[in-house]
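# Residue-level structural notes
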Amino acid sequence: MEGRITNIQRFSVHDGPGIRTVVFLKGCTLRCRWCCNPEAMLPQPVLMFNPQLCIGCGACISVCPTGASGTEKHIGVERKKCTGCGSCAEVCYAEAKYKRDRFLAAEELMEEVRKDLSFYQRTGGGITFSGGEALLQKEFVAEVLRLCKAEGIGTAVETCGNVPWENFEAVLDSMDLYLYDIKSTDTEKHKVYTGAGCERIMENCRRLREAGKQVIIRVPVIPEFNFDRESLTGILRFAETINIEEINFLPYHRYAENKYRYLGMEYWNPGVERLDKGQVEECLREIETSVRLKVDG
Amino acid sequence: MEDRITKLRNAFLQATRAADTERAVLVTESYKLNENRSEAMKKALALRHVLERMTIAIHDNELIVGCHAQKVRSTPLFPEYAAGWISKQMDDFATRPGDRFAITEEQKATLRECLKYWEGRALDERVASCIPKELDQVIGYGVVYNASYASKSPGHLVPDYMGLLGTGFEALIARCQEKLQNLDIEKDDYVEKREFYMSCAEAMGAVILYANRFANLAETMAEKEPDGKRKKELLQIASNCRNVPAKPASSYWEALQFLYFVQLAIQMEGNGLAISIGRMDQFLYPYYKADEEKGLLTHESALELMECLYLKLGEIDKISSNESTAVNTGPAHGQTITIGGVRADGSDITNEVSILVLEADRRIALAQPDIAVRIHAGTSQRLIDEVTKNVKMGLNKVKIYNDELITRAVRGIGVKEEDVYNFSFLGCSEPVIDGKTNSWGNSGHINLSKCLELALNDGSCMLTGVQMGPHTGDAAGFTSIEEVEAAYRAQVNYFTDVLVKYDRVLDMCHKMYLHLPFCSSVIQDCLETGEDFEQGGAEYNFSSPLGVGPITVGDSLMALKKFVFDEKKLSMQEMVEALRSDFAGKEPLRLMLKNRAPKYGNDIDEADQMSDFAVSVFCDALEGYRNARGGIFTAGIYYLTANVPNGKHTAATPNGRHAGEPLNDGGVSPTHGDDKMGATAIFKSAGKLCNVRAGHGSVLNQLLHPSIFKGEGCDRIFGEYMRSIVDCGVWETQFNVVTKEDLRRAQEHPDEYRGLVVRVAGYSAFFTALGKEVQDDIIDRTSLMEL
């Protein structure tokens, strides 16, 4: 069983308790406009191109099987022709053309994960699955989890929740912590901004709590979508009904903008550079709740 | 912060670094007057002449007093060690790229007059005349060098504060008198020993006299002082200076004053660096505790005194040559305080003084003193939490040491079992036994990356074509990585041998010409055996040359192995040609080497093993040699900013580095930007090097983005990360928590950033005092953190 991975990030300290290794899996069921891992969102192989690193050597042109690499004078990616095969990335030593897409067996992944075992033990850390939507690859995740549990490595997942309940069931016994995105409780709005409604997401979250699982809700706070008292209150009220202890708010930023350019995708521009921690705190002020609220930034 | 401390700190920051000619004039006078005396007595009499006559001052608000020049932040010169460079470079002092010092035309004229006397007499010229021609020629290639010991006193020592504070100099002078009484004229070393004891007594007497001058001054000032509170302070200062260092310290305040007089006197006697303080929480705690129990001291008042000491330590400065400034920029000079670690019985030492040392640094936040923390499995959480606070503030001052590894290393270099627990650190990373060691730390450099260049070019320099090293074969004919490794080893062996011979000659010259009666008085055993510090009088005597750029070598070997020998992407011939031409027209090749070969710092075994090899070859090369004081040579893998000038003289390397670019920094830090897996991977990689064999340690610089501390529990995680230095087997690490914006802005507006301290590979410096190139190098490192 192989997993499809975009990246492995060691020494992460903001994705669950302790020092963690975050594994980004490819493919997602949502299309959030602000997504900061667009390369992981898409299921198909995609080529990324950073023209600033290109030295114009032309190596990519000679190896491209579909003629998608442009011309000597104008190296680029013709997205209509590009199949994402990555032949050009192979020979692009400048790393201007590259892919974030590899297949790893559970055991191969474990070799990477084990490297920081002593740090997990010292800090109560472990592995965190992220993405994309990690639970789309439920068999792979379940297999890695089994290995982690056998070796005493802590486990967590960052999930958008928009998968069938059976995907949760597959990992239910061995996932220690769910970092669970609730973006809005207004399903129409949710559909407009993420491509899907939020009923199943909320339902899955409720069922996780009923099963006694530890869930921290995460809310990306996005201008024009949910950056208003009403939207955030809706999320808080939902959280209260399922006895959530903690919600983390993640203010909008546009660090990912370049990645969209490298992918040949258009970046959604809400007309705001970023939200400050203070702005989000201000928005949350005066909302009474028993849930512990934390704003990053 | 106390008002007093703010005022003192502002006075410090507003003062200009300037040259002071008084010491130079007085030393010259004294030598002229005493030409008939022995070398030892000349030295002691010069110290007396200076301490007796130099202008002294007690500045407003000071509680700890003493000065090595007339004004705050003015700095004495040492023409008796080297004069030629001063006359050639004094016009550059105020304008050169790093470490500028104001100097007036009048001062220059005074200096020129003094310097005439030293022509042909200064230490460096005497040393130069003793260097065999063949040796001198190879040294001239710059693959190895030791300019420092050819023109400086060794420095790199920790006085026996534990003993001194409890004894006082009067008792030690009496000890010298007793020894003098009992000398046997029938013995052949009678004169030598007599001169030695007389010189020590003279030197200690001079320091007592100097302290008494401060006592008198304080009394005079007290008489005129209208403010009752300050009057009382001045009278206490007078009483302190009357008592110490003549007699044992009778309070915490006196202990600090004693310490400062000793630090100053060592730095007035010689121009050596890294005069360190040792295990302060061990030797100072009894005084703290006694005063606290008597109700004489509170945490706050103890802290204020510690802060006053820090500001005085900050005043101690050195003017170095342009060349030496390039290698070692900044007013840090390695005065290091060590805290933490274990007592003789193995228990954790953490006490209130350990905490004060860190707390004072958070409030003073200047380049000096350096702080070294020994971490072991039993280190108290309180100490870890306090250290985290300092790192988090971006002070970048604290160096974390692996107590367990270094205990083994110290044993490995021959320290007796009863002393092993009692090590502290010098300026960079060298462990010494407090009060018992003449370490000759940082005794020369060998450019390991240049050795690889020569190995790939049959011993000839790729930049100049000069045959610098032995013929090790035409690399185009090498058919395996082992042949490359063998050629590298041969070059390292050859140049290490040259450096060792050179160091031995310097050592013998110091024996002949350089007597250090005051140092000999503050290091155990010298007074017992009647041997000067530089004659081998200390119990432990080391020499530690430094290997520069081992990671550049390791990553280069890795790239050669992968692309030339394993994958055969190019021939050895093509590789060597590309290096000779600095990859001209071969940018894709350079990028392949840079981006597609595994690199040290990412926890990849095969890459880390190559760097381990690069270090261990140097350790092997030093095996078996003895220095002229009867001690051994051991390796150090730390080198301040020497990666920059050494890189400048090194051709392109197979790791994809261009000719002239810096080598890897610090010692065992990854090449900037090559470490892509984060701090845990860096620790794991560094832990795979043969750290225990490089007995004078290594430096691992790490950059931390401040965001690492954001969020609940992050401090705790960071604390555990520091503790894991023991699990990973890394010698030392230190952190820069900065942003590139900070530093860019500091470059543009240095005035707003006078207080900004950065760690430059082994020591801390004011960023704004560094040369542009070093600044750029640091910004380069910093920006990579933000990708």
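Since we're looking at a predicted model, the values are computed, not measured.

Criteria and thresholds
Residues numbered from 1 in each chain as written. Chains lettered and ligands numbered in written order. Predicted model: local features only at pLDDT ≥ 70, side-chain atom pairs only at ≥ 80, totals over all residues. Heavy atoms only, no water. Helix = DSSP H or I, 4+ residues; strand = E, 2+ residues; numbered from the N terminus. Rg over C-alpha atoms; globule rule 2.2 N^0.38 Å. Buried < 20%, exposed > 50% of the residue type's maximum accessible area, 1.4 Å probe, protein only. Contact = heavy atoms within 4.5 Å. Core = buried A, V, L, I, M, F, W, Y, C linked by side-chain atoms within 4.5 Å. Pairing = 2+ DSSP bridges. Right-handed = clockwise from strand over helix to strand, strands pointing away. Buried area = accessible area lost by both parts, 1.4 Å probe. Salt bridge = Lys/Arg side-chain N within 4 Å of Asp/Glu carboxyl O. Axes fitted to C-alpha atoms, helices over the stretch in contact; angles between N-to-C directions. Parallel < 35°, antiparallel > 145°, perpendicular 65-115°, else oblique. Nonpolar A, V, L, I, M, F, W, Y, C, P; charged D, E, K, R; others polar. Domains from an automatic or database assignment. Polar contact = N/O pair within 3.5 Å; in protein donor to acceptor, adjacent residues only side chain to side chain. Phe/Tyr/Trp six-rings, centres within 6.5 Å; stacked < 30°, edge-to-face > 60°. Lys NZ or Arg CZ within 6 Å of the ring centre and 35° of its normal. Arc of directions from axis to C-beta.

Moving on, we come to the overall build of chain B. Along chain B, the regular secondary structure elements total 33 helices and 17 strands. Its C-alpha radius of gyration of 26 Å places chain B within 12% of the 28 Å reference for a compact globule of 787 residues. Summarising its shape, the C-alpha atoms of chain B cover approximately 85 × 65 × 55 Å along the three principal directions. Taking all 787 residues of chain B together, the buried fraction comes to 66%. Pairs at least 24 apart in sequence give 79% of the contacts found in chain B among residues at least 6 apart.

Tallying secondary structure elements over chain A gives twelve helices and eleven strands in all. Taking 2.2 N^0.38 as the reference for a compact globule, 297 residues should give roughly 19 Å; the C-alpha atoms of chain A span a radius of gyration of 20 Å, in line with that estimate. Across its three principal axes, chain A shows a C-alpha extent of roughly 60 × 45 × 35 Å. The buried share among the 297 residues of chain A stands at 54%.

Counting 243 residues, the largest nonpolar core has Phe169, Tyr252, Met280, Met306, Val484, Tyr488 and Phe518 of chain B as the members making the most contacts within it. The contact partners of Tyr252 of chain B, leaving out residues within four places of it in the chain, are Leu284, Tyr287, Tyr288, Asp291, Leu297, Ala302, Leu305, Met306 and Leu356 of chain B.

Residues and elements named next belong to chain B. Most of strand E5 (residues 336-340) sits inside the fold, with five of its five residues counted as buried. Looking at chain direction, E5 and strand E6 (residues 370-375) are connected through five bridges and run parallel. Looking across to E6, one finds that Ile337 is bridged to Ile371. In this region the chain leaves E5, passes through helix H18 (residues 352-364) and returns to the parallel neighbour E6; the handedness of that crossover is right-handed.

At the interface, 23 residues of chain A touch 28 residues of chain B. Approximately 2,300 Å² of surface area, both sides summed, lies buried where chain A meets chain B, with 58% of it carried by carbon and sulfur atoms. Three residues, Phe11, Tyr93 and Arg122 of chain A, lead the burial of chain A against chain B; their summed loss comes to 33% of the area buried on that side. At the junction of chain A and chain B, the tally comes to four salt bridges.

Here we come to the packing of helix H19 (residues 381-392) of chain B against helix H31 (residues 714-728) of chain B. All names here are of chain B. At a minimum axis distance of 9 Å, the contact between H19 and H31 shows a crossing angle of 105°. When the interaxial angle is binned, H19 and H31 end up roughly perpendicular. Residue-level contacts link Gln381, Ile384, Val387, Thr388, Val391 and Lys392 of H19 to Asp715, Arg716, Phe718, Gly719, Glu720, Met722 and Arg723 of H31. Looking at side-chain class alone, the contact of H19 with H31 contains five nonpolar, three polar and five charged residues.

In many reports, interface size means the accessible area that the parts give up when they come together. All names here are of chain B. By domain assignment, chain B separates into domain 1 (1-130) and domain 2 (168-247). Taking the mean C-alpha position of each, domain 1 and domain 2 sit 22 Å from one another. Each side of the interface is counted separately: domain 1 has 24 residues, and domain 2 has 21 residues. In total, about 1,900 Å² of surface goes out of reach between domain 1 and domain 2, with carbon and sulfur atoms giving 66% of it. Linking domain 1 with domain 2 are two salt bridges, by the criterion used here. The salt bridge involving Glu233 is made with Arg4; its shortest N-O contact spans 2.6 Å. Applying the counting rule to domain 1 against domain 2 returns nine residue pairs in polar contact (both at pLDDT 80 or more). Per-element tally for the side of domain 1 that touches domain 2: the top contributor is helix H3 (residues 39-53), with nine residues. Classifying every residue of the side of domain 1 that touches domain 2 by side-chain character gives 13 nonpolar, four polar and seven charged.

Moving on to the packing of aromatic side chains. Applying the stated rule across the entire model yields 31 aromatic pairs over all chains. Centroid distance Phe718 of chain B to Phe735 of chain B: 5.0 Å. Interplanar angle 65°. Geometry classified as edge-to-face. With Phe718 of chain B in helix H31 and Phe735 of chain B in strand E15 (residues 732-737), this pair connects stretches of sequence that are 17 residues apart. Phe735 of chain B carries the same exposure label as Phe718 of chain B, and that label is buried. The rings of Phe11 and Phe119 of chain A together with Phe683, Phe718, Tyr721 and Phe735 of chain B are connected pair by pair, giving a single aromatic cluster. Taking NZ or CZ as reference, Lys97 of chain A lies 5.4 Å from the ring centre of Phe49 of chain A, over its face. A cation sits over an aromatic face here: Arg374 of chain B above Phe423 of chain B, 3.8 Å from the ring centre.

Further remarks concern the sheet that holds E5 of chain B. One open sheet accounts for six strands, arranged E4-E5-E6-E7-E15-E14 (chain B); its pairing is mixed. The outermost strands of the open sheet, each flanked by one partner alone, are strand E4 (278-279) and strand E14 (701-704) of chain B.

For the rest of this paragraph, the subject is the domain arrangement of chain A. When the domains of chain A are assigned, the result is domain 1 (2-43 + 102-257 + 265-295) and domain 2 (47-99). Taking only C-alpha atoms into account, the centre of domain 1 of chain A sits 33 Å from that of domain 2 of chain A.

As a further point, take helix H12 (residues 277-284) of chain A. All names here are of chain A. Within H12, the full set of buried residues consists of Val280, Cys283 and Leu284. Down the axis of H12, the smallest arc covering the buried residues is 95°, so these residues share one side. As for H12, its buried residues are in contact with strand E9 (214-221), helix H10 (229-241), strand E10 (246-251) and strand E11 (292-295). Where H12 terminates, the next one or two residues include Glu286, which has phi positive at roughly 75°.

Let us look at the sheet that holds strand E8 (residues 177-181) of chain A. All names here are of chain A. Within the open sheet, the nine strands sit side by side as E5-E1-E2-E6-E7-E8-E9-E10-E11. Their pairing is mixed. The open sheet has two free edges, formed respectively by strand E5 (102-105) and E11, since each of these has just one partner strand. Across the sheet, the mean angle from the axis of one strand to that of its neighbour is 30°, orientation sign disregarded. Across four bridges, the pairing between strand E6 (residues 126-131) and strand E7 (residues 154-159) is parallel. Paired with Phe129 across the bridge in E7 is Val157. Lying over the sheet, H10 contacts E9, E10 and E11, oriented at roughly 175° with respect to E9.

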